[in-house]
Amino acid sequence: MQRYTTATVLEEPITPPVQVNYTKLLINGQFVDSASGKTFPTLDPRTGEVIAHVSEGDAEDVNRAVSAARKAFDVGPWPKMSAYERSRIILRFADLVEKHMQELAQLETWDNGKPYEQALKAELPLFVRLFHYYAGWADKIHGLTVPADGPHHVQVLHEPIGVAGQIIPWNFPLLMYAWKVGPALACGNTIVLKSAEQTPLTALYVSKLFHEAGLPDGVLNVVSGYGPTAGAALASHMDIDKEQCATIGPLIVPKNRTSIMQSIVILAPTCYFQSIFGFYVPLRSRAALLQLAFTGSTDTGKVVLELAAKSNLKPVTLELGGKSPFIVFEDADIDRAVEQAHFALFFNQGQCCCAGSRTFVHESVYDEFVEKAKARAARRTVGDPFKKGIEQGPQIDSDQFEKVLHYIKSGIDGNAKLECGGERVGSKGFFIQPTVFSNVEDNMLIAQDEIFGPVQSILKFKDVDEVIKRANATRYGLAAGVFTKNIDTANRVSRGLRAGTVWVNCFDVFDAAIPFGGYKMSGIGREKGIYSLNNYLQVKAVVSPLTNPAWL
């Protein structure tokens with residue numbers, strides 16, 4: 001068995017030249033200390049060492065942020081500004097980001113562990129493109145004039161929903177910021193955003209650039225902090241009109257927590273915890289969070305949805321977990337399919353909600369595919385993500401690192417064949433060898449659970465009907481990949497799969513205009529594209545009588 005042949009020897013980590021200048025809370029256009037004066041460390045996943053100490057927001061800070069956002073919406077200039085002027089501010093912001101791409105990519109890599117080249121050349125350009133896209137939408141949101149059956153004039157208005165609460169995850173901090181902040185601002189809303197406690201730095205940096213671009217005070221507020229404090233206070237606030245949230249990974253109990261309930265509080269920070277979990281978050285304002293958006297694990301999303309309903313019934317957008325099938329048919333270009341399947345799983349250290357984590361391969365080409373997939377994984381370079389040529393950096397933190405190793409052990413114990421990898425790389429930081437399992441069965445944990453790490457599971461199938469049925473036999477439905485040269489097969493399978501996105505002969509193709517979201521327990525609603533605007537708009541019908549109209 002070839003376990004792993006190219007594990008990089010980790011050298012002294014490269015120190016990025018970027019300075020960490022923004023670590024305080026951003027409330028009403030100003031960087032301020034938390035009310036408690038507390039801070040928390042954000043860690044370098046390459047080493048586990050502290051990068052910086054960030055202000056730790058709690059209920060009082062959320063109250064201040066929501067009050068600022070409410071005032072900016074009710075009496076401030078943002079929703080009353082012409083859509084064209086809002087568009088110009090968003091465009092100026094995108095231009096500023098382009099000028100600061102290197103610093104932002106360095107911060108993203110330092111705080112998250114993803115390869116610097118990936119952050120700089122793929123994610124930052126897409127971040128800019130997303131804001132260009134939503135700037136273009138700002139002055140194209142309009143209503144309708146609807147003909148009625150009688151003498152009435154009917155207008156259908158599309159109005160901003162109000163104050164949006166947003167929680168973004170740690171796997172793509174900047175891109176998730178763009179997915180949520182872009183459409184909310186284009187529609188004229190104001191925002192209170194909580195970044196993931198693992199990766200708070202870039203949200204603060206880009207929000208500072210937004211104010212340099214002319215964003216009015218109070219329109220965009222950023223509170224860093226933990227779930228039981230900042231997250232719970234945000235979610236339970238009665239002055240939030242919409243909640244949009246994102247957290248990552250299945251529900252686990254962190255090492256320093258003693259109960260499942262505490263874990264839910266941590267991983268589902270946008271819920272209303274005061275009655276269910278036995279602690280009270282004081283509400284000092286009658287303002288209501290009216291919209292909630294969430295991206296992350298399905299278990300956490302279920303808690304968010306239930307508790308949002310028990311609060312002020314604010315609408316919730318959920319982009320949740322996945323266990324996406326990647327299906328390789330017998331007529332596929334095997335070399336290309338191997339490379340795309342490798343990319344679909346191992347990209348971003350495997351920390352993608354839509355990762356192609358169930359690789360189904362037709363029995364006639366299975367053995368060839370497994371050998372080539374094993375060889376490709378063994379060639380994957382693991383090491384300091386600031387080093388040129390490195391494909392894979394560390395997992396985000398010790399909890400995720402240990403969870404991935406636990407799933408690898410479960411695969412071995414379940415009699416899947418470990419083709420390569422399976423162990424940590426080095427003795428420092430959170431690096432894991434690219435791991436490939438063959439002879440995986442549908443009932444194994446590695447074929448059912450969202451691992452969120454560099455673990456490829458390869459399964460065998462016989463025919464189209466079988467693979468469609470097995471691919472759909474999951475609680476998830478976020479994405480899928482289909483590799484075949486037969487257009488009839490591609491059409492049949494893509495229509496048969498219960499998934500929000502199906503990539504044919506490609507994977508992870510993201511564009512500002514392409515909607516993204518899931519079927520079943522992978523979420524509610526869609527991000528990106530025109531569909532994302534619906535998350536941040538209210539629909540109002542205005543009816544008035546017509547006297548002797550010339551026409552109806």
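Residues numbered from 1 in each chain as written. Predicted model: local features only at pLDDT ≥ 70, side-chain atom pairs only at ≥ 80, totals over all residues. Heavy atoms only, no water.

Asker: When you look at the sheet that holds strand β16 (residues 435–438) in this model, what are you seeing that I'm missing?
Answerer: As a general point, the strands of a sheet are linked pairwise by backbone hydrogen bonds and lie either parallel or antiparallel. With mixed pairing, 7 strands are arranged side by side in an open sheet as β15-β16-β17-β14-β13-β18-β19. Because the sheet does not close on itself, it has two edges, and the strands there are β15 (417–420) and β19 (501–504). Within this sheet the neighbouring strands show an average axis-to-axis angle of 25 degrees, counted without direction. The pairing of strand β13 (residues 325–328) with strand β14 (residues 358–362) spans 4 bridges and is parallel. (Pairing = 2+ DSSP bridges. Helix = DSSP H or I, 4+ residues; strand = E, 2+ residues; numbered from the N terminus. Axes fitted to C-alpha atoms, helices over the stretch in contact; angles between N-to-C directions.)

Asker: Where do I start with the sheet that holds strand β6 (residues 152–160) in this structure?
Answerer: Reading across from one edge, β5-β6-β21 is the order of the 3 strands in this open sheet, with antiparallel pairing throughout. The strands lining the two open edges of the sheet, one partner per strand, are β5 (144–147) and β21 (537–545). Each strand axis lies, on average, 25 degrees off the axis of its neighbour in the sheet, ignoring direction. Where β5 meets β6, 4 bridges bridge the pair, whose relative direction is antiparallel. For Pro147, the partnering residue across the bridge sits in β6 and is His153.

Asker: Help me understand the environment of Cys354, please; the structure alone is not making it clear to me.
Answerer: Residue placement: Cys354 occurs in the loop between α10 (334–346) and β14. Considered as a pair, Cys354 and Ser522 are 168 residues apart in the sequence and their alpha carbons are 9.6 Å apart. In this structure Cys354 touches Ser324, Leu478, Ala479, Trp503, Phe507, Asp508, Phe510 and Phe516, once residues within four positions along its chain are discounted. (Contact = heavy atoms within 4.5 Å.)

Asker: Would you mind showing me how to read the layout of surface pockets here?
Answerer: Estimated volume of the second largest pocket: approximately 300 Å³. Taken together, 18 residues form the lining of the second largest pocket, with Phe172, Leu175, Trp179, Phe347 and Phe510 sitting closest to its centre. Contributions of two or more residues to the lining of the second largest pocket are made by α4 (116–137) and α5 (173–186). Here the lining of the second largest pocket is built from residues that sort into 13 nonpolar, 2 polar and 3 charged. (1 Å grid on protein atoms, 1.4 Å probe; cavity = no way out; pocket = protein on both sides within 12 Å on 5 of 7 lines; lining within 4 Å. Points joined across faces, edges and corners; volume = space filled by probe spheres on them. Nonpolar A, V, L, I, M, F, W, Y, C, P; charged D, E, K, R; others polar.)

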